[in-house]
Amino acid sequence: MDGDWVDRFERPLGWLAVPGLPLYLTGMTAAVAVLSALKPEFVGALVLEPSLILRGQVWRALTFLVVPPPAGPLWLFLWLALVYSCLSALEAAWGDFKVTVFVLVGALCTVAGSLAVGSRFDPTMVHLSSFLAFARLLPEREVLIMFVLPVKVRWLAALAGLLVAVEFVAEGAPGKVYLLSGLASYLLFFGPGHWLDAKLAWRRRGR
């Protein structure tokens, strides 16, 4: 099963689990959005700025996860609803520890990538990893596009994967590091399963 390797670490590292992580992340992101509307410079203290982390502002390695995307109220609400839905589904399927590790791996790899290339990274790819994981576990689940058109999440995930692949080809080295580091948790959890699926499909094709 995808991500089974994490289970062996739950006994010694179970204290890392954050109960209610989906609500915490989305709630904090909403709070940051409100505070930044009142005081725009507030977000500057939370973003993932590698030069400032190296100067000792290590909290940015986690606080960047709750920096909201630049969007209006409606799109921000939809973004938060999507992130919460994906993480809640993962939490229900995996439990607190595994979903915490999933998010933490994505965050730490993003920080490492940001430090490696010296560029500011945002949490978009980390959250996209959660959506892709959600689609992998529940591919037949439907979402309403613009509250009207029902679409299965596996098709949205396929489209997202295609767009990321195109962007990866087009980007320079920093952009490639940004994409790979943000998607690291998904690749570590689900990469072996995709590889196995590809091998099985190749064998069937050769028959």
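Residues numbered from 1 in each chain as written. Predicted model: local features only at pLDDT ≥ 70, side-chain atom pairs only at ≥ 80, totals over all residues. Heavy atoms only, no water.

*Asks:* Whenever I open this one, the overall build of the protein confuses me. Can you help?
*Replies:* When you go through the protein residue by residue, the secondary structure sums to 10 helices and two strands. The C-alpha atoms of the protein give 18 Å as radius of gyration, which agrees with the globular expectation for 207 residues (17 Å, within 12%). Along the first, second and third principal axes, the C-alpha set of the protein runs to 60 × 40 × 40 Å. Counting only residues that meet the buried cut, the protein has 38% of its 207 residues in that class. Counting contacts in the protein only where the partners sit at least 6 residues apart, residues at least 24 apart contribute 69% of the total. Summed over all atoms, the accessible surface of the protein reaches about 11,900 Å², with 70% contributed by carbon and sulfur. (Helix = DSSP H or I, 4+ residues; strand = E, 2+ residues; numbered from the N terminus. Rg over C-alpha atoms; globule rule 2.2 N^0.38 Å. Buried < 20%, exposed > 50% of the residue type's maximum accessible area, 1.4 Å probe, protein only. Contact = heavy atoms within 4.5 Å. Areas by Shrake-Rupley, 256 points an atom, 1.4 Å probe, with all protein chains shown as cover.)

*Asks:* So what exactly am I meant to see when it comes to the pattern of salt bridges here?
*Replies:* A pair can form between side chains of opposite charge whenever their charged atoms are brought close. A full pass over the atoms with the stated rule returns four salt bridges. In this structure, the salt-bridge partner of Lys98 is Asp7, at a minimum N-O distance of 3.8 Å. Here the residue Lys98 occupies a position in helix H6 (residues 96-117), and Asp7 occupies one in the segment before helix H1 (10-13), the gap between them amounting to 91 residues. Of the residues examined, Lys98 reaches a relative accessible area of 5% and is grouped as buried. With relative accessibility at 40%, the residue Asp7 sits in the partly exposed group. Measuring nitrogen to oxygen at the nearest pair gives 3.0 Å for the salt bridge that ties Arg154 to Glu140. Within this pair, whereas Arg154 is found in helix H8 (residues 153-170), its partner Glu140 is found in the loop between helix H7 (124-137) and strand S1 (142-145), the two being separated by 14 residues in sequence. The structure contains a network of salt bridges with shared partners spanning Glu140, Lys152 and Arg154. (Salt bridge = Lys/Arg side-chain N within 4 Å of Asp/Glu carboxyl O.)

*Asks:* I'm lost on the packing of H7 against H8 in this one. Help?
*Replies:* Describing two packed helices takes the angle between their axes plus the distance from one axis to the other. Closest axis-to-axis distance for the H7/H8 pair is 9 Å, and the angle between their directions is 140°. Considered as vectors, H7 and H8 are oriented oblique to each other. Handedness of the crossing formed by H7 with H8: left-handed. Here Leu128, Phe131, Leu132, Phe134 and Ala135 of H7 lie close against H8, whose contacting residues are Val153, Leu156, Ala157, Ala160 and Val164. (Axes fitted to C-alpha atoms, helices over the stretch in contact; angles between N-to-C directions. Parallel < 35°, antiparallel > 145°, perpendicular 65-115°, else oblique. Left-handed = near helix turned anticlockwise from the far one by under 90°.)

*Asks:* Would you mind going over the nonpolar core with me for this structure?
*Replies:* Note on soluble globular proteins: their nonpolar side chains tend to be buried together. Residues Trp94, Phe102, Leu128, Phe131 and Leu132 are the most contacted members of the largest nonpolar core, which totals 47 residues. Within the residue set of this core, elements represented by two or more residues are helix H2 (21-38), helix H5 (73-94), H6, H7, H8, helix H9 (173-182) and helix H10 (184-206). For Phe102, the contacting residues outside a window of four places in its chain are Leu90, Trp94, Ser129, Ser130, Ala133, Ser185, Tyr186, Phe189 and Phe190. (Core = buried A, V, L, I, M, F, W, Y, C linked by side-chain atoms within 4.5 Å.)

*Asks:* Just checking my understanding: could you explain the side chain of Ser129 for this structure?
*Replies:* Structurally, Ser129 is set in helix H7. Once residues within four sequence positions are removed from consideration, Ser129 is found in contact with Phe102, Gly182, Leu183, Ser185 and Tyr186.

*Asks:* Explanation requested: empty space enclosed by the protein in the structure shown.
*Replies:* To locate leftover empty space, one rolls a probe as large as a water molecule over the atoms. Scanning all chains against the criterion turns up two cavities of 30 Å³ or more. As for the largest cavity, its lining consists of Leu25, Thr26, Thr29, Leu65, Val67, Trp79, Leu80, Val83 and His127. For the lining of the largest cavity, the secondary-structure elements that each account for two or more residues are H2 and H5. When its residues are assigned to classes, the lining of the largest cavity shows six nonpolar, three polar and no charged. Reported here for the second largest cavity is a volume of approximately 30 Å³. As for the second largest cavity, its lining consists of Leu25, Leu65, Leu87, Val103, Val126, His127 and Ser130. Residue contributions to the lining of the second largest cavity peak at three residues, all from H7. The residue makeup of the lining of the second largest cavity, split by class, is five nonpolar, two polar and no charged. (1 Å grid on protein atoms, 1.4 Å probe; cavity = no way out; pocket = protein on both sides within 12 Å on 5 of 7 lines; lining within 4 Å. Points joined across faces, edges and corners; volume = space filled by probe spheres on them. Nonpolar A, V, L, I, M, F, W, Y, C, P; charged D, E, K, R; others polar.)

*Asks:* Help me out: how do you make sense of H2 in this one?
*Replies:* For an α-helix the count is 3.6 residues per turn, leaving residues at separations of three or four pointing the same way. In this model, H2 (18 residues) spans 26 Å end to end at C-alpha, consistent with the 26 Å of a helix rising 1.5 Å per residue. For H2, the full list of buried residues reads Leu21, Pro22, Leu25, Thr26, Thr29, Val32, Ala33 and Ser36. End-on view of H2: buried residues confined to an arc of 125°, all on one side of the axis. Among the exposed residues of H2, those pointing more than 90 degrees away from its buried face are Leu23, Val34 and Leu38. (Expected span 1.5 Å × (residues − 1). Arc of directions from axis to C-beta.)

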